[in-house]
Amino acid sequence: MTTPALLPLSGRRIPTLSPGASSFPHHRATLRLSEKFILLLILSAFITLCFGAFFFLPDNSKHKRFDFGLEDVLIPHIESEKEYVQSYKYLGTIIDDKLKFEANCAAMMKHAWDSYRQYGWGHNELKPIAKKGHSTNIFGNSQMGATIVDALDTLYIMGLHDEFKDAQEWIEQNLDFSVNAEVSVFEVNIRFIGGLLAAYYLSGQEVFKVKAVQLAEKLLPAFNTPTGIPWAMVNLKSGVGRNWGWASAGSSILAEFGTLHMEFVHLTYLTGNPAYYQKVMHIRKLLAKMDRPNGLYPNYLNPRTGRWGQHHTSVGGLGDSFYEYLLKAWLMSDKTDTEARKTYDDAIEAIERHLIRKSNGGLTFIGEWKNGHLERKMGHLTCFAGGMFALGADGSPDDKAGHYLQLGAEIAHTCHESYDRTVLKLGPEAFKFDSGLEAVAVRQNEKYYILRPEVIETYWYMWRFTHDPKYRQWGWEAVQAIDKYCRVSGGFSGVKDVYSSNPTYDDVQQSFFLAETLKYLYLLFSSDELLPLENWVFNTEAHPLPVLMSFILHSGWAGVWFCITMNQHLK
Ligand code: DMJ
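Residues numbered from 1 in each chain as written. Predicted model: local features only at pLDDT ≥ 70, side-chain atom pairs only at ≥ 80, totals over all residues. Heavy atoms only, no water.

> Looking at this structure, I do not really get the sheet that holds strand β3 (residues 182-184). What am I missing?
The sheet built from three strands is open, its strands ordered β3-β4-β5 with antiparallel pairing. Whereas interior strands pair on both sides, the edge strands pair on one side only; in this sheet they are β3 and β5 (241-242). Along the sheet, helix α7 (residues 185-203) makes contact with β3 and β4 (233-235), crossing β3 at roughly 65°. (Pairing = 2+ DSSP bridges. Helix = DSSP H or I, 4+ residues; strand = E, 2+ residues; numbered from the N terminus. Contact = heavy atoms within 4.5 Å. Axes fitted to C-alpha atoms, helices over the stretch in contact; angles between N-to-C directions.)

Right, here's the structure in full:
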């Protein structure tokens, strides 16, 4: 098998910095004073660079990803035998079964993928009961193969080579963004741009980068608003943008315009075009200037007036990944973007003060803040925050690392309870902590499970930071429940009521099931060496992107050129 270069430099716009023949005519044996000066300048720049690299380059052993090829990524790296024995003994299984867990997740992925391949190929998603293609309004009326793009890196990581090649071929031949479709800027960014960039970084295949950049160009008109806060939706053909009618009088949504940073910074890095970086930094600057009621960020912001909409704050839907991307901007910059870290710390401090409570039964939950009132309800989406707190523990102010790791563990526990208190052992969409109720859904329309990843995401982060075997146990419970209740002959389907022993299906196989849920499960049972968190930061759709500052340093002139470009355009 060939080992693809992870980061081929061909195609990058790297300026030619070495003097060419024309600068040094052959008919003269000696150099002019000015030429000597230029030569000296280049030489001293080179020495400075080498000197800087010597001191600032991180420990090479941490950056295995730049050396490993396909095979290294794909062979499951087993942790120390002792740890392995411990965590799997906890599951009550024998050591001979040690590849069973990874294999099980990969087999689920294969069933999901094969079903989509057979019945929904090229459509955005799959209806596994009706056995046909499916789409929702976030993709407009397009047929852009969302599942193919979202699943790329999971296929790659799990070693499903043929499927990956098949997906790449479809993308090369069919993925076209010149379509008259009004799509969600946020969803297209996290699923398509994030998915394509991760596939590019993992496989080194240029096509993924090219497509990501083509798509990003199509999203840029969404930023043409009086404030620069992008519209929620944009027509890929006409470039006309607008907002959802239901969003606080035509507001833009915090979790949408606040979840572009990671992908856009990578786009600037890869293309040298500062526009992407400028767009997201403009959003950050604008938010920094605004007053925040009780230190909290409301979910809605009007892109015409620059004023907040309703004073609702959430760590679940409408708010969630805004906070996640502040932390990840810092991590992705190799912890140099301290402005992002400070903004994250301040936001979390206010959230802890106003939104996080303990129930009578001792369960820590994160409620929703609505005009000064705390609604004691937590969404499945909010459960990702356990992982976020754990990920942000290291580097937290006042040496509160232990506190945040503990908070992450408490949220993981609460979310596990929300699964455990159901008949199907799958979590409801939202659950209450009110009138004697603890971690259970009350309203019929909150009892569904649509193959969401957030709880498993938190188990995985908690496992990585603590190696407490209970997280693998909980993950294994989820694997079994999904396989038992959501698996159908045509793929995997969401269920409408997790409290019913005879649930009906919603007949949708969400693309994030392949991008996130199955990936996090697989990683939960793999070694920490597979996509180490010091080197990779996962976007909100679980697409891994490399840490950038160390990455820049490893990229020689491309990195230097990036820094120069940044400085010229941003300072
Ligand atoms: C995913 O598309 C992303 O995780 C997003 O941030 C919100 N949640 C869905 C899956 O539940």
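> Where do I start with the side chain of S493 in this structure?
Mapping S493 onto the fold places it in the loop between β16 (491-492) and α18 (511-524). Judged by its relative accessible area of 0%, S493 falls in the buried class. A polar atom in the side chain of S493 sits 3.3 Å from the side chain of D506. Excluding residues within four positions of it along the chain, S493 makes contact with P128, L451, C486, Y505, D506, D507 and V508. (Buried < 20%, exposed > 50% of the residue type's maximum accessible area, 1.4 Å probe, protein only. Polar contact = N/O pair within 3.5 Å; in protein donor to acceptor, adjacent residues only side chain to side chain.)

> It is not clear to me how the UniProt feature "active site" (unreviewed entry) in the protein should be interpreted in this structure. Could you clarify?
As annotated in UniProt, the feature "active site" (unreviewed entry) corresponds to E187, D320, E429 and E454 in the numbering used here. Following the sequence through the fold, D320 ends up in helix α12 (residues 320-332). Sequence-distant contacts of D320, that is, excluding residues within four places in its chain, are made with A255, S314, V315, L381 and F384. Within the element layout of this structure, E429 appears in the loop between α15 (401-420) and β14 (430-432). Sequence-distant contacts of E429, defined by excluding residues within four places in its chain, comprise M378, G379, H380, E446, Y448 and R452. (UniProt positions renumbered as here; feature names shortened; annotations may be inferred.)

> Explain the packing of helix α10 (residues 261-271) against helix α11 (residues 275-289) here, please?
Packed helices, taken two at a time, are described by their axes: the angle between them and the distance between them. It is the contact of α10 with α11, at a shortest axis distance of 7 Å, that shows an interaxial angle of 150°. Judged by the angle between their axes, α10 and α11 are roughly antiparallel. Two packed elements cross with a definite hand, and for α10 against α11 that hand is left-handed. Facing α10, whose interface residues are H261, F264, V265, L267, T268 and T271, α11 presents Y276, Y277, V280, M281 and R284. (Parallel < 35°, antiparallel > 145°, perpendicular 65-115°, else oblique. Left-handed = near helix turned anticlockwise from the far one by under 90°.)

> So what exactly am I meant to see when it comes to the nonpolar core here?
As a rule of thumb, soluble globular proteins bury nonpolar side chains together. I171, F192, L287, F389, I482 and F538 are the most contacted members of the largest nonpolar core, which has 163 residues in total. No other element matches the 13 residues that α7 contributes to this core. Among the nonpolar cores identified, the runner-up in size contains six residues, and A232, M233, I253 and Y300 belong to it. (Core = buried A, V, L, I, M, F, W, Y, C linked by side-chain atoms within 4.5 Å.)

> What's the story with the site of the ligand in this structure? I'm lost.
Around the ligand, the neighbouring residues are F186, I190, R191, L381, R452, P453, E454, F512, E516, T540 and E541. Between an oxygen atom of the ligand and a main-chain N or O atom of T540, the distance comes to 2.8 Å. The contact in question runs from an oxygen atom of the ligand to an N or O atom on the side chain of E541, over 2.6 Å. Isolated, the ligand exposes 290 Å² of accessible area, and the fraction of that covered by the protein chains is 92%. Those elements that place two or more of their residues in the shell around the ligand are α7 and α18. Top contributing element to the shell around the ligand by residue count: α7, with three residues. Among the residues forming the shell around the ligand, the class breakdown is five nonpolar, one polar and five charged. (Near = heavy atom within 4 Å. Areas by Shrake-Rupley, 256 points an atom, 1.4 Å probe, with all protein chains shown as cover. Nonpolar A, V, L, I, M, F, W, Y, C, P; charged D, E, K, R; others polar.)

> Any chance you could explain the environment of S396 here in plain terms?
On the secondary structure map, S396 appears in the loop between α14 (384-393) and α15. By relative accessible area, S396 is classed as buried at 10%. The spacing of S396 and K342 is 54 residues in sequence and 9.1 Å in space, taken between C-alpha atoms. The residues contacting S396, other than those within four sequence positions of it, are R341, A401 and Y404. Of note is the side chain of S396, whose polar atom sits 2.7 Å from the backbone oxygen of A393. In terms of polar contacts, S396 uses its side chain to reach the backbone amide nitrogen of A401, at 3.3 Å.

> Could you clarify how one ought to interpret the pattern of salt bridges in this entry?
Going through the model one piece at a time under the given rule, you end up with 27 salt bridges. Notably, a salt bridge pairs R421 with E417, separated by 2.9 Å at the nearest N-O pair. Note on R421: relative accessible area 36%, which makes it partly exposed. The class of E417 is buried, set by a relative accessible area of 14%. Put simply, R452 and E429 hold a salt bridge, and the shortest N to O gap is 2.9 Å. Of this pair, R452 sits in the loop between β14 and α16 (454-466) while E429 sits in the loop between α15 and β14; the two residues are 23 residues apart in sequence, bridging distant segments of the chain. There is no split in this pair, since R452 and E429 are both buried. (Salt bridge = Lys/Arg side-chain N within 4 Å of Asp/Glu carboxyl O.)

> Would you mind showing me how to read the side chain of E187 here?
Checked against the element boundaries, E187 lands in helix α7. Discounting chain neighbours no more than four positions away, the residues touching E187 are I138 and F192.

> Help me understand the environment of N124 in this model?
Looking at where N124 falls in the secondary structure, it is placed in the loop between α4 (100-119) and β1 (125-127). The buried category is assigned to N124, whose relative accessible area is 0%. It is 5.4 Å that separates the C-alpha atoms of N124 and S135, two residues lying 11 residues apart in sequence. The contacts of N124, once residues within four sequence positions are left out, are Y116, H134, S135, F139, S142, Q143, M144, G145, A146, T147 and F192. Here the side chain of N124 touches M144 through a polar contact of 3.1 Å, landing on its backbone nitrogen.

> Got a minute to help me understand the packing of α12 against α14 in this structure?
Interhelical geometry of α12 versus α14 gives an angle of 25° and a closest axis separation of 11 Å. Classified by the angle their axes make, α12 and α14 are roughly parallel. The interaxial crossing formed by α12 with α14 has left-handed handedness. Residues D320, Y323, E324, L327, K328 and L331 of α12 form the contact with α14, whose participating residues are F384, M388, L391 and G392. Broken down by class, the residue content of the contact of α12 with α14 amounts to six nonpolar, one polar and three charged.

> Help me understand the state of the cysteines, please; the structure alone is not making it clear to me.
Every disulfide links exactly two cysteines, by a covalent bond between their sulfur atoms. Applying the stated rule across the entire model yields one disulfide. At a sulfur-sulfur separation of 2.1 Å, the disulfide partner of C383 is C415. Between C383 and C415, the disulfide has an S-S torsion of -95° and is therefore left-handed. Note that C383 is positioned in the loop between β13 (377-379) and α14 and C415 in helix α15, a separation of 32 residues in sequence. Taking relative accessible area as the criterion, C415 reaches 1% and is therefore assigned buried. (Disulfide = S-S within 2.5 Å.)

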